[in-house]
Every structure is written in structure tokens, then in C-alpha cells.
Amino acid sequence: MVKRGLGLQILRPESHKNLYVGILLAVIVAMASMFVSEHYGGPVMLYALLLGIAFNFLNEDPRFQPGIEFSASAILKIGVACLGLRVTFGDIASLGWPTVILVTCGLVLTIIVGWGIGRAFGLKSDHAMLSAGAVAICGASAALAISAILPAHEDRERNTILTVVGVTVLSTIAMVIYPVITGMMGFSDKLAGTFIGATVHDVAQVVGAGYTISDTAGDTSAIVKLMRVTFLAPVVFILVLMFRQRGEDGQGQGALVFVPPFVIVFLLFVIANSSGIVPGGVEQFGSDFSRWCLIIAIAALGCKTSLRALVDVGIRPIIVLTAQTLFLAGFALAGLALFF
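Calculation notes
Once a new chain begins, its residue numbering starts again from 1 and follows that chain's sequence as written. Residues qualify for local features only when their pLDDT is at least 70, as the model is predicted, and side-chain atom pairs are given and counted only at 80 or more; totals for whole chains, interfaces and linings, by contrast, use all residues. Side-chain descriptors were evaluated using all non-hydrogen atoms of the structure, hydrogens and water having been removed beforehand. Only DSSP runs of H or I covering at least 4 residues are called helices, and only runs of E covering at least 2 are called strands; the numbering of each starts at the N terminus. Each residue gets one of three labels from its accessible area relative to the maximum for its type: buried under 20%, exposed over 50%, partly exposed in between, using a 1.4 Å probe on protein chains only. Contacts are assigned to residue pairs with any non-hydrogen atoms lying within 4.5 Å of each other. In these tables, accessible area is a Shrake-Rupley quantity obtained with a 1.4 Å probe, and a residue counts as shielded only by the protein chains included in the view. Simply put, an axis is a line fit to the C-alpha atoms, just over the touching stretch for a helix, and the angle between two N-to-C directions goes from 0 to 180 degrees. Each angle is binned into one of four classes, with values under 35 degrees roughly parallel, values over 145 roughly antiparallel, values of 65 to 115 roughly perpendicular, and all other values oblique. Helix crossings fall into two classes, left-handed where the near helix is turned counterclockwise from the far one by less than a right angle and right-handed where it is turned clockwise. The criterion is simple. A nonpolar core is a set of buried Ala, Val, Leu, Ile, Met, Phe, Trp, Tyr and Cys residues joined through side-chain atoms within 4.5 Å. Under the scheme applied here, ten amino acids are nonpolar (Ala, Val, Leu, Ile, Met, Phe, Trp, Tyr, Cys and Pro), four are charged (Asp, Glu, Lys and Arg), and all others, including Gly, are polar. Only protein atoms enter the calculation, which uses a 1 Å grid: trapped sets of points that fit a 1.4 Å probe without letting it out are cavities, open sets showing protein on both sides within 12 Å along at least five of seven lines are pockets, and any residue with an atom within 4 Å of a point is a lining residue. Grid points are joined across faces, edges and corners, and a volume is the space filled by probe spheres set on the points.

## So, the overall build of the protein chain
Step number 1: Along its length, the protein chain carries 16 helices and two strands.
Step number 2: Taken across its 340 residues, the protein chain has 52% of its residues classed as buried.
Step number 3: In the protein chain, of all internal contacts separated by at least 6 residues, the share reaching a separation of at least 24 is 78%.
Step number 4: Put simply, the protein chain shows about 15,100 Å² of open surface, and 68% of that area lies on carbon and sulfur atoms.

Below, the structure is given as C-alpha cells:
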């Protein structure tokens, strides 16, 4: 019934009807979430999760389950791949080497230290890495991309939902608080934008925080944030090497190690966009398409998630996410205050 190809699921014609029903559910939930977000404010990703969870009972229905699974897997990978159309190497180069070094060090240290924090609080290795990677790179988008290549087990989707909810809430709080902090520190608009882009998790909240200060801060924060997004591909590749070789229990499996196709497509899109061969209209369409794919995937993940299962996990993952977020913010503040 299901074949594998290019990292996506390919279903035979007889299963298409059930596939479409589940996809349609995820699309409707995504559209409702976007409507609420645009008319009443708030993060669309969080709305998609919560509305999706409300339809969890349909995940047990064989008419809906195949399409929900397809949306949470294949559409997710398509959305992550298309993120590459939002990034160019020229934008990164324009930041200057000191900023590039600061952001790179903050990202790498947050992943390493953040993983240690997660382990110290009793999270499994893959959950700790999922949390740290989401905080370090680009919030919900990174959580979805990293989750796609982690070892499959019964808690993976639950951990992904917890991480997405946590980074989305923390990112929204940071959007309000971080501009105030940069003002108290006496940062220039460019430094304020650098701090916000280097620390806030999700792109939408980065833009929201940056432009509340000034156009200069907003432009700078967006470029710095997109630089962090480019690290998604190498981080995912490294995690593939780590977890495919270790397996779920940390023991070597001798399994074949490969680069997920959606990571390769992401890199190709970055290269194409950087070379200038991608028309502006195509770039904008790809960016919007990527966003919609990720919202649909989040809605599908919500449909697959039991609220009771989330409650049973406890508060430890949220404490870990908060500690990781504070570490990244502290490192960036110290670096900017001392060296810029």
C-alpha cells in the first residue's frame, strides 16, 4: 500500500481517497488557525496545534488516519525544504564576521549545553537534542525538521508537540520582553536587531520584536534570524550521523547513513536563491508555500496528539526549554555587551 521514495510516502491509487480526507482535515484546521491569527492576533502555529488536538478523536478513524499521517510527515518535509528559498549567503555575509561568529557560537553552545540541561533533568537523549535544536535554530520549524530524522518511538510525536508549544510560547514572551531589555542595555538599533535575531525562536516573532524598535532593527533581526535558519541543514545532517549509527538505545546498528532528501533540497534552494536565478515572485511564493506546509503539518501533528499524553509528561520539558532559552539570551547579551 505504501512505497518509500525520496523521503516521502508514495501511496497507490486505491488509497488516495482516504489520503485526501485526512489532508483536507489538516488544511481546514490550518486555514482556521490562520484566520484566527490574522483577525485576533497570536501565533498561528500555536492555534494550529490546539485546534488540531481538538480533532484528535478523528486520528483513530481509518478514513482520516492516512492523510493525517501524510500531512505530518511528507508535507512537513516539503515545507522544511522550501525554507531554503528564504535565505541567501549574501544576506549572511552582509552581517560582518563578528556577528557571524557570535551567532554561530551561540547556536553551537546552545545545542551542546542545552542537550546537557535536558539530560540533567532526565529527558532522553533525543528529546533533549530536539529541545536544544529548536531553541538554537528556528523554533517550531527546527523542531519539526529534527523530529523527522530522530529515531522512531512511541513518544517522539508527543515530544515534538511539547517542544513546538514550548518554543512558540517562549518566543511570544520574548517578542514582548526582549525589546525592553535592549533598551535597558542601551543597544543601538543594529545591536538590538542582532540580539533579537540571535535569540528569539520563531521568524514571525523575530520580525515582530525587531520592527517594534525601528526599521533598522527589524531588517537586521530578520537577516540574523535567517542566518540561524541556514544551520538547519548541517545540524540535521550531523544528527542523522549520530542517531542512525547509535539507534534508539544508543548502541551501534551499523545502519546505512544517508542525508535526508529534504535537507539536500533545502541546500539546493539556498544555493539557487543566493545565485540570483530565482525570480522574486518565485521566492515569495516558495516562502509562503513553505509557511503553509508547516502550518498544515503542525495541524496534523495536533490531530495525532492526545491531550492526556501531554499532561502525563509533567513540567520538566518546559523547565528545560526555559533554561535553554535563558542560556542563549544570556550568551548573546554578554557577547554584544563585551565585544560590540
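From this point, things continue past the structure.
## Observations concerning the packing of helix α8 (residues 156-185) against helix α10 (residues 203-213)
Helix-helix packing: each pair is described by the crossing angle between the helix axes and the interaxial distance.
Step number 1: α10 packs onto α8 with a crossing angle of 20 degrees between their chain directions and a minimal axis gap of 9 Å. Classified by the angle their axes make, α8 and α10 are roughly parallel. The chirality of how α8 crosses α10 is right-handed. Taking contact as the criterion, the partners of Thr 168, Ser 171, Thr 172, Met 175, Pro 179 and Thr 182 in α8 are, on α10, Gln 205, Gly 208, Ala 209, Thr 212 and Ile 213.

## What about the nonpolar core?
Step number 1: If you look at the biggest cluster of nonpolar residues, it comprises 77 residues, and the most contacted ones within it are Ile 137, Leu 232 and Val 236.
Step number 2: The biggest single contributor to this core is helix α14 (residues 280-303), with ten residues.
Step number 3: Once you skip the residues sitting within four places of it in the chain, Leu 232 turns out to touch Val 80, Leu 83, Ile 137, Ala 142 and Ala 145.
Step number 4: The next biggest cluster of nonpolar side chains, apart from the first, holds 15 residues, and it includes Tyr 178, Ala 192, Ile 196 and Ala 329.

## Side note on the side chain of Asn 273
Step number 1: Turning to its location among the elements, Asn 273 is positioned in helix α13 (residues 261-275).
Step number 2: Once you skip the residues sitting within four places of it in the chain, Asn 273 turns out to touch Gly 84, Leu 85, Arg 86, Val 87, Thr 88, Val 278 and Glu 283.

## Considering the environment of Leu 107
Step number 1: Mapped onto the fold, Leu 107 is located in helix α5 (residues 97-120).
Step number 2: For the pair Leu 107 and Ala 136, spaced 29 residues apart in sequence, the C-alpha separation works out to 4.9 Å.
Step number 3: Contacts of Leu 107, omitting those with residues within four sequence positions, involve Ala 136, Ile 137, Arg 228, Phe 231 and Val 235.

## Overview of the packing of α5 against helix α6 (residues 125-136)
Step number 1: At a minimum axis distance of 8 Å, the contact between α5 and α6 shows a crossing angle of 145 degrees. As α5 runs across α6, the sense of the crossing is right-handed. When α5 is examined against α6, the residues Leu 107, Thr 110, Ile 111, Gly 114, Trp 115, Gly 118 and Arg 119 are found in contact with a partner set consisting of Ser 125, Ala 128, Met 129, Ala 132, Gly 133, Val 135 and Ala 136.
Step number 2: For the contact of α5 with α6, the per-class residue count stands at eight nonpolar, five polar and one charged.

## Thoughts on empty space enclosed by the protein
Step number 1: Per the stated rule, a full pass over the model turns up two cavities of 30 Å³ or more.
Step number 2: In this structure, the largest cavity occupies an estimated 60 Å³ of space.
Step number 3: Elements with a contribution of two residues or more to the lining of the largest cavity: α5 and α16 (316-339).
Step number 4: Element by element, the count of residues in the lining of the largest cavity is highest for α5, at four residues.
Step number 5: Across the lining of the largest cavity, the residue classes break down as eight nonpolar, one polar and one charged.
Step number 6: Taken as a whole, the second largest cavity holds about 40 Å³ of empty space.
Step number 7: Lining the second largest cavity, in full, are Leu 83, Arg 86, Cys 138, Ser 141, Val 203, Leu 226 and Val 229.

## Quick word on the layout of surface pockets
Step number 1: Here the second largest pocket is characterised by a volume of approximately 390 Å³.
Step number 2: Breaking the lining of the second largest pocket down by element, the ones donating at least two residues are α1 (16-40), α2 (44-54), α7 (140-147), α8, α10 and α14.
Step number 3: Examining the composition of the lining of the second largest pocket, we find that five residues originate from one element, α10, more than from any other.
Step number 4: Counted by class, the lining of the second largest pocket contains twelve nonpolar, six polar and four charged residues.

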